[in-house]
Amino acid sequence: MKSTNQYLKPLSLKVNENLEIGGCDTVELVEKFGTPLYVVDEYTIRSICRDYKEAFKAYENVNMMYASKALCTMATSKLLASEGFGFDVVSAGEIYTVYKAGVDMSKVLFNGNNKSYDELSLAIELGVGRISADNFFELALLNEVAKAQNKTIDILLRITPGIECHTHKYIQTGHLDSKFGFDLTQVDEAVELIKNDYTNLKLHGLHAHIGSQIFETSIYGDEIEILVKEIARLGLNEINIGGGIGVKYTENDCPPSVYDVAEIIINRLNECIKKYNIEPPALFIEPGRSIISTAGVTLYTVGSSKQVPNGRKYVAVDGGMSDNIRPAMYGAEYTVQVANKPDVQNLQKVTIAGRFCESGDILIKDVELPELEEGDILCVYNTGAYNYSMASNYNRVPKPAMVLVNDSLSHVIVARETLDDLISHDRISQ
Ligand code: LLP
C-alpha cells in the first residue's frame, strides 16, 4: 500500500489559479505572512502518522518516537504527541521544546554522541523515559549524573551494527567507522561495567540507526537480525532501530512504502524471536524525515534575474542556503512550482539561486518553469525536514516564519525573526 512519504507534494495540495495547501491560497498566505515562508500541512502529518500506526499494528509492543531533529517546534511536537508519538531528542534545546509543548516526558528518548553533564541532568530532572548511551565516556558520566540525583535511570546502548546503506555518506551512520555508538565487540565490556560499577543505570536494550533517506528495505531486516541476536545473548528486551525511511524529493526518487518496510521488520522480528527463543521485545522506531518532510513547502518571492550570455539564466529568490542548506551541503535536489501560475505552460530553463553571498547558494539547477517575473511566488516541495532545523542567520538574514495550515485556517507556529531578534544577543563592550 502507498504511504504518505511516497508523495512529492502535501496531500491537501490543490491546483487552482494559484496553488492551495490545507485549504489556504498560497498567494494569500504570502500576502499575510511574507516570504520566505515555511508552510506545514497538518493533514499530511496526520496521514503519515496513521500510516506508521497502521503499518506496525501487527506487532503488539511498538513505540513510535519521532526524531525531533528533522523539525522541532512546540506546535509540531504537540501535534505529533496527539497522534500518540513519543520523541527522540538530542539536545537540551529539543528536550526543552517538547517539555514546554506538554509532551509526556516518559515517552522521550535522549540520544546523541556527546551529551553534556548539564543536558543529562536536565533530561533526568524532567523524567525522560530512556537515555541512549553512546560510548564509554558517556556511560560513566550518566552514572555520575544519576547518582547525583539519587536515581536509577533506564538506558539503551547505541551500537554500530556494521551495515552500510546507499545514501549520502554524510548521513550514513550504521557502518563500522562511525562516530556513533559502541562497536559490537565493545558491548560485553559495557554491559559488565553497568552490572558491576554503574549501579545507577538500568540497561533495557540496544539502539541503532543505519542512516537517513534510505530507499532499500532489506537492510532493516539485517539490522533486526543483528539487534535481536545481541539482545537474546545479553538477556535484554528492547530494540530501537532508529529512523531513516526516505521521501520523494523529485519524480526520480522512489522511497519505500512504510507498509512494506513494516512488513519486513515485523516478519524478521517474528522469525528472530523464534530463532533465538526470546519473548517479543519492545520495538522502538524513530522516523524523522518521513514524518515531516512531505508536509512542508517553502514559499519564496522571485527578485532579480540574470542571463549569462550563451549560458544559464539565474533567477534569484529571497531565501536560499540559510533556510535550506541541503542543496549546498548534500547536493540535495528539490522540486519547484510557480505558486501564482501553476498551470502556465511557456516553459524555459532556469536555475533558482538563493540570495546569499556564496556561489554554492543554488537551490535548484536547470529546471523548466513558466517564464518568471519579479514578484512571482515559488513553491519548493518537501522542505518540512532538515530545513528549518538546520537554518542559520548567515549574512544576518532573519529566519523565516512557519505557518501550520489545515481546514482553510493558517496559524503562525514560528514567528518571523526580526532585525531586533538578530541583535538581541549582541553586546558592545564598554
Ligand atoms: N534516529 C537517530 C539516532 C538519528 O541519528 C536520526 C537521524 C534519526 C533517528 C532520524 O532519521 P530520519 O528518519 O530523519 O532519516 N541533516 C541530514 C539528515 C541527518 C540525519 C541524522 N540522524 C539531511 O538533511 O539529510
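Quick look at the structure, then. The shown structure was predicted, so the numbers you read here are calculated from the model rather than taken from an experiment.

To continue, consider the side chain of Lys 115. Note that Lys 115 resides in the loop between strand E7 (108-110) and helix H5 (117-125). A distance of 2.6 Å separates the side chain of Lys 115 from the backbone oxygen of Ser 132, its partner in a polar contact. Residue contacts for Lys 115: discarding those within four places in its chain leaves Phe 110, Leu 120, Ile 131, Ser 132, Glu 138 and Leu 141.

Working note: α-helix, 3.6 residues per turn, so residues spaced by three or four point in the same direction. Spanning 14 residues, helix H2 (residues 42-55) covers 20 Å between terminal C-alpha atoms, matching the ideal 20 Å at 1.5 Å per step. Of all the positions in H2, only Glu 42, Thr 44, Ile 45, Ser 47, Ile 48, Cys 49, Asp 51, Tyr 52 and Ala 55 are classed as buried.

Moving on, we get to the nonpolar core. By size, the foremost hydrophobic cluster in this structure holds 85 residues, and its most contacted members are Tyr 52, Phe 56, Ile 131, Leu 139 and Leu 157. No other element matches the nine residues that helix H9 (residues 258-275) contributes to this core.

Our next topic: the pairing of strand E13 (residues 282-285). Neither face of E13 is exposed, since Ala 282 and Phe 284 on one face and Leu 283 and Ile 285 on the opposite face are all buried. Bridge count for strand E5 (residues 62-67) against E13 is three bridges, and the pairing is parallel. When the sheet's bridge partners are listed, Met 64 is paired in E13 with Ile 285. In this fold, strand E12 (residues 238-240) hands off to H9, which returns the chain to E13; that crossover is right-handed.

Another point: the site of the ligand. In the vicinity of the ligand there are 18 residues, among which Ser 212, Glu 286, Arg 289, Arg 326 and Tyr 386 approach most closely. Measuring from an oxygen atom of the ligand, one finds a side-chain N or O atom of Lys 69 at 3.2 Å. When isolated, the ligand has an accessible area of 590 Å², and the protein chains bury 92% of it. Residue composition of the shell around the ligand, grouped by class: six nonpolar, six polar and six charged.

The next subject is the packing of H5 against helix H6 (residues 136-148). At their nearest, the axes of H5 and H6 sit 10 Å apart, and the two run at 50° to each other. Taken as axis vectors, H5 and H6 run oblique relative to one another. Of the two possible hands of crossing, H5 and H6 adopt the one that is right-handed. In this structure, H5 contributes Tyr 117, Leu 120, Ser 121 and Ile 124 to the contact, and H6 contributes Leu 141, Leu 142, Glu 144, Val 145, Ala 146 and Ala 148.

Let us now look at the packing of aromatic side chains. As enumerated under the stated definition, the model contains six aromatic pairs in all. Arranged with centres 6.3 Å apart and planes meeting at 5°, the rings of Tyr 52 and Phe 56 form a pair that is stacked. The exposure classification of Tyr 52 matches that of Phe 56, with both residues buried. Sitting over the ring of Phe 110, Lys 115 keeps its end group 5.7 Å from the ring centre.

Moving on: the pattern of salt bridges. Scanning the entire structure with this criterion turns up 19 salt bridges. The partner of Arg 46 in a salt bridge is Glu 42, and the shortest N-O contact between them spans 3.0 Å. On the criterion of helical spacing, the pair formed by Arg 46 and Glu 42 is a turn pair, its members being four residues apart in helix H2. Using a relative accessible area of 22% as the deciding quantity, one classes Arg 46 as partly exposed.

Conventions and cut-offs
Residues numbered from 1 in each chain as written. Predicted model: local features only at pLDDT ≥ 70, side-chain atom pairs only at ≥ 80, totals over all residues. Heavy atoms only, no water. Helix = DSSP H or I, 4+ residues; strand = E, 2+ residues; numbered from the N terminus. Polar contact = N/O pair within 3.5 Å; in protein donor to acceptor, adjacent residues only side chain to side chain. Contact = heavy atoms within 4.5 Å. Expected span 1.5 Å × (residues − 1). Buried < 20%, exposed > 50% of the residue type's maximum accessible area, 1.4 Å probe, protein only. Core = buried A, V, L, I, M, F, W, Y, C linked by side-chain atoms within 4.5 Å. Pairing = 2+ DSSP bridges. Right-handed = clockwise from strand over helix to strand, strands pointing away. Near = heavy atom within 4 Å. Areas by Shrake-Rupley, 256 points an atom, 1.4 Å probe, with all protein chains shown as cover. Nonpolar A, V, L, I, M, F, W, Y, C, P; charged D, E, K, R; others polar. Axes fitted to C-alpha atoms, helices over the stretch in contact; angles between N-to-C directions. Parallel < 35°, antiparallel > 145°, perpendicular 65-115°, else oblique. Left-handed = near helix turned anticlockwise from the far one by under 90°. Phe/Tyr/Trp six-rings, centres within 6.5 Å; stacked < 30°, edge-to-face > 60°. Lys NZ or Arg CZ within 6 Å of the ring centre and 35° of its normal. Salt bridge = Lys/Arg side-chain N within 4 Å of Asp/Glu carboxyl O.

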